[in-house]
Amino acid sequence: KVFTEEQEALVVKSWSVMKKNAAELGLKFFLKIFEIAPSAQKLFSFLRDSNVPLDQNPKLKPHAMSVFVMTCESAVQLRKAGKVTVRESSLKKLGAVHFKYGVVDEHFEVTKFALLETIKEAVPEMYTAEMKNAWGEAYDRLVAAIKMEMKACS
Ligand code: HEM
Ligand code: ISQ
């Protein structure tokens, strides 16, 4: 399946608007994941080891943003190269980290749902079925690449 220039544009355009609200977006994204899968909270060391409320945790925003940024980068690469080409070393590290922390298939599904819901609420005036598909496809292909590296760990 090819990833088109239009799909790339939908992802890049909506991300450029959303990133202005990165802090609020990041918190919403996390809360949505934990609403659906409360036990996922235990996976994150910086939440487990912290006494401050979720919305005041300094690591929350950068972590949540990395999922948006990497999915957006995945869209650009899919269009340019037809595949996800996160530098091989970083993909290996991503696979190793997610394997080590016990992330499983269901977590990736919940996170996809939360990502799309967060985008829908962040840019309601732009959100369409095409935009949902473009983000969903870029996420799925990135996750497939991460899971390949996770398998290599097991
Ligand atoms: C760590 C990205 C999916 C849970 C990380 C890190 C990145 C990242 C960049 C930091 C790695 C490092 O320390 O070098 C992504 C991307 C995802 C994804 C791009 C999907 C496209 C998930 C899912 C879960 C998850 C579905 C589980 C709900 C974690 C945990 C850590 C982590 C527990 C370690 C956090 C800690 O340091 O305590 N992820 N992630 N990730 N991710 Fe993900
Ligand atoms: C997955 N991996 C790292 C950070 C994250 C933040 C929010 C939601 C999912 C995540």
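Anything mentioned here points back to the structure above.
Predicted model only: the values in this text are computed from it and were never measured.

### Here we look at the environment of Gly136
The residue Gly136 is located in helix H7 (residues 129-153) in this model. On the basis of relative accessible area, Gly136 is assigned to the buried category, the value being 6%. Sequence separation of Gly136 and Gln77 is 59 residues, and the distance between their C-alpha atoms is 15 Å. What Gly136 contacts, discounting residues up to four positions off in sequence, is Lys112 and Leu116.

### Notes on the coordination of the iron atom of ligand 1
For the iron atom of ligand 1, the protein supplies a single donor, His98 (NE2), at a distance of 1.9 Å. Considering all six donor atoms around the iron atom of ligand 1, angles at the metal cover 88 to 179° and the coordination shape is octahedral. Along the chain, the position of His98 falls in helix H5 (residues 88-100).

### Observations regarding the site of ligand 2
Contacts to ligand 2 come from Phe29, Phe30, Ile33, Phe44, His63, Ala64, Val67 and His98. Protein contacts shield 86% of the accessible area of ligand 2, which totals 260 Å² for the unbound molecule. A majority-of-atoms criterion places ligand 2 in the largest pocket. Of all the secondary structure elements, the ones that give two or more residues to the shell around ligand 2 are helix H2 (22-36) and helix H4 (60-81). In the shell around ligand 2, the residues fall into six nonpolar, two polar and no charged.

Parameters and conventions
Residues numbered from 1 in each chain as written. Chains lettered and ligands numbered in written order. Predicted model: local features only at pLDDT ≥ 70, side-chain atom pairs only at ≥ 80, totals over all residues. Heavy atoms only, no water. Helix = DSSP H or I, 4+ residues; strand = E, 2+ residues; numbered from the N terminus. Buried < 20%, exposed > 50% of the residue type's maximum accessible area, 1.4 Å probe, protein only. Contact = heavy atoms within 4.5 Å. Donors = N, O, S within 2.8 Å, 3.2 Å for Na, K, Ca; no water. Tetrahedral: all angles 85-135°; square planar, octahedral: opposite > 155°, others 65-115°. Near = heavy atom within 4 Å. Areas by Shrake-Rupley, 256 points an atom, 1.4 Å probe, with all protein chains shown as cover. 1 Å grid on protein atoms, 1.4 Å probe; cavity = no way out; pocket = protein on both sides within 12 Å on 5 of 7 lines; lining within 4 Å. Sits in = over half its atoms within 2 Å of the grid points. Nonpolar A, V, L, I, M, F, W, Y, C, P; charged D, E, K, R; others polar.

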